[in-house]
Amino acid sequence: MKLKIPFYYHILLFLGLFFTFYLWDIGVNNRKLDSVFSSKYFFFNASFVLSIFIVYILNFYIFCDWFLNKKRILLYFLSIPVSLLIFAGVRYFLQEVVMFQIIGMHNYGEESRELTYYVRDNFFFGLPAVILSALSYLFWQFHSTQKQNQELLLENKKAEFQMLKSQVSPHFLFNTLNSFYSQLILKDDEMASDILVLSDLLRYVITETEKDEAILSKEIQFIQNYIHLQKKRFEDQLYLDFIIEGNYSTEKILSSALIHFVENVFKHGKPNNPDGKAVISIVIKDGFLEMSTFNYKVEGENYSSTGIGFENLTKRLEYTYKGQFVLEKITENNIFKTYLKIPLNK
C-alpha cells in the first residue's frame with residue numbers, strides 16, 4: 001500500500017527539529033546567544049540537519065517502502081547500515097567540502113576526518129534519522145490502514161443498506177419464479193431453463209455478494225449465468241469469446257471482484273457487433289487467478305475512469321490483498337482492456 005503523505009509534513013517536522021536543536025544547545029550546553037546565532041554555527045547545524053533530512057527522506061520513501069511495507073523486516077534491518085553510510089557521505093560532503101569552501105573551517109579535526117573514525121562516529125549521529133523515519137512511516141501506515149478500514153466499513157454499510165432496499169420479499173420472488181418454471185417445464189423447455197438460470201443468478205446476488213469472500217466455482221458459475229442471459233438479450237447475436245483455463249474447485253476470492261469487468265464489457269462495449277468481438281479470459285495457475293477483458297468502445301464513452309465501481313473495487317482489493325494483486329486498465333484508440341491478477345485462498 002502506497003502511503004499518500006503531504007511532503008510539507010516532513011519539512012515542518014524538520015523545521016521543528018532544527019529549532020529544537022537550537023534551544024537544546026542553548027539550555028544544555030550553556031552556549032552564549034552570540035555564538036549560537038553566529039553564521040558559522042548556523043551553517044554547521046543547518047548542514048547537519050539537512051544531512052539527517054536527506055537520509056530520513058531516502059529511508060522513508062525507499063527502504064521503508066521496499067521492505068517495511070512488505071513486512072520484510074530482516075531486509076530492512078540489513079538496509080540500515082546502507083542508510084548510515086549514506087548519511088556519513090552526505091554529511092562529509094556538506095560540512096567538510098561545501099562548508100569548508102564557504103567559511104574556511106572544518107567541523108571535524110584532521111585526525112577525526114580519518115575514514116574509519118568518521119564513518120563510525122556518524123553511524124551514531126545518523127541513527128536517529130533512520131529511527132525517526134521508520135517510526136514516522138509506521139505511524140502513517142497505521143493511520144492510513146485505519147482510515148481505509150473506516151472507508152470500507154462505510155462502503156459495506158451502504159452496500160448492506162442498498163441490498164436491504166432491493167430485497168423486497170426475496171422468498172416471494174423465488175417462489176414466483178419457481179412457479180413459472182413448473183408451469184413452463186412441460187411446455188417450453190428453453191424458457192423454463194432460462195428462468196432457472198435467472199433464479200440462480202438472483203439467488204447468488206442476494207445471498208452471496210454480501211460476503212467478504214466467494215467460492216471461485218460459484219463466482220464463475222454466476223458469470224456463466226450472466227453471459228447466458230446476455231445472449232438472450234442480444235437474441236444470440238453476441239460476439240464474445242469467454243475462455244476459462246485451469247482447474248478450480250473450492251478456492252476463494254474477493255466477492256464480486258470478477259463480475260465488475262464482465263459488466264463493463266456489456267455496458268460500455270459493442271458485443272453485438274461482428275466486427276468488434278469482445279474477449280473475457282480467466283486463467284487459473286500457480287495459485288493465482290488472472291482475468292483479462294478486451295472490447296471495442298462505444299463511441300462517446302469516456303474511459304479515462306471506470307467510475308465509482310472501479311474505485312470501490314480498487315479499495316477492496318488493496319484491503320484484501322495488500323500488495324499481492326495487479327490491476328491494470330488500458331485505453332488504446334477505440335479499444336479498452338483490463339487485467340487483474342489476484343492470489344487464490346484455499
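The structure under discussion appears in the preceding block.
Described in the following lines is the structure provided in the data block. (Residues numbered from 1 in each chain as written. Predicted model: local features only at pLDDT ≥ 70, side-chain atom pairs only at ≥ 80, totals over all residues. Heavy atoms only, no water.)

**Observations concerning the packing of aromatic side chains**
In step 1: Following the criterion strictly, the structure yields 14 aromatic pairs and no others.
In step 2: Seen from their ring centres, F63 and W66 are 6.1 Å apart, and the 85° between their planes marks the pair as edge-to-face. Highlighted residues: F63 and W66, both in helix α3 (residues 39-66), separated by three residues, approximately one helical turn.
In step 3: Judged by centre distance (6.1 Å) and plane angle (75°), the rings of W66 and F67 are edge-to-face.
In step 4: The class for W66 is partly exposed, based on a relative accessible area of 47%. (Phe/Tyr/Trp six-rings, centres within 6.5 Å; stacked < 30°, edge-to-face > 60°. Helix = DSSP H or I, 4+ residues; strand = E, 2+ residues; numbered from the N terminus. Buried < 20%, exposed > 50% of the residue type's maximum accessible area, 1.4 Å probe, protein only.)

**Section: the nonpolar core**
In step 1: Core analysis: the biggest nonpolar cluster contains 34 residues, and L258, V262 and L289 have the highest contact counts within it.
In step 2: Mapped onto this core, the elements with two or more residues apiece are α7 (189-207), α8 (216-233), β3 (252-254), α9 (259-268), β4 (278-285), β5 (288-296), α10 (307-321) and β7 (335-343).
In step 3: When sequence neighbours within four positions are dropped, the list of residues in contact with L289 reads L216, L258, I282, V283, I284, L340, K341, I342 and L344.
In step 4: Y56, Y76, A129 and A134 belong to the second-largest nonpolar core, a separate cluster that totals 22 residues. (Core = buried A, V, L, I, M, F, W, Y, C linked by side-chain atoms within 4.5 Å. Contact = heavy atoms within 4.5 Å.)

**A closer look at the pattern of salt bridges**
In step 1: Taken as a whole and assessed by the stated rule, the structure comprises two salt bridges.
In step 2: Notably, a salt bridge pairs E332 with K337, separated by 3.6 Å at the nearest N-O pair. (Salt bridge = Lys/Arg side-chain N within 4 Å of Asp/Glu carboxyl O.)

**With respect to the side chain of N225**
In step 1: Structurally, N225 can be placed in helix α8.
In step 2: Residue class for N225 comes out buried when judged on its relative accessible area of 10%.
In step 3: Aside from chain neighbours lying at most four places away, what touches N225 is V197, D200 and L201.

**Brief notes about the sheet that holds strand β2 (residues 240-245)**
In step 1: Pairing is mixed in the open sheet, where five strands are placed in the order β2-β4-β5-β7-β6. Each end of this open sheet is capped by a strand with a single partner; those strands are β2 and β6 (326-332). Between one strand axis and the next, the sheet turns through 5° on average, direction left out of account.
In step 2: The pairing of β4 with β5 spans seven bridges and is classified as antiparallel. Bridging across to β5, S281 finds its partner in S292.
In step 3: Taken strand by strand, α9 contacts β2, β4, β5, β6 and β7, and its axis lies near 5° from that of β5. (Pairing = 2+ DSSP bridges. Axes fitted to C-alpha atoms, helices over the stretch in contact; angles between N-to-C directions.)

**Re α9**
In step 1: Of all 10 residues in α9, eight are buried; the element is thus mostly enclosed.
In step 2: Within α9 the residues assigned to the buried category are I259, H260, F261, V262, N264, V265, F266 and H268.

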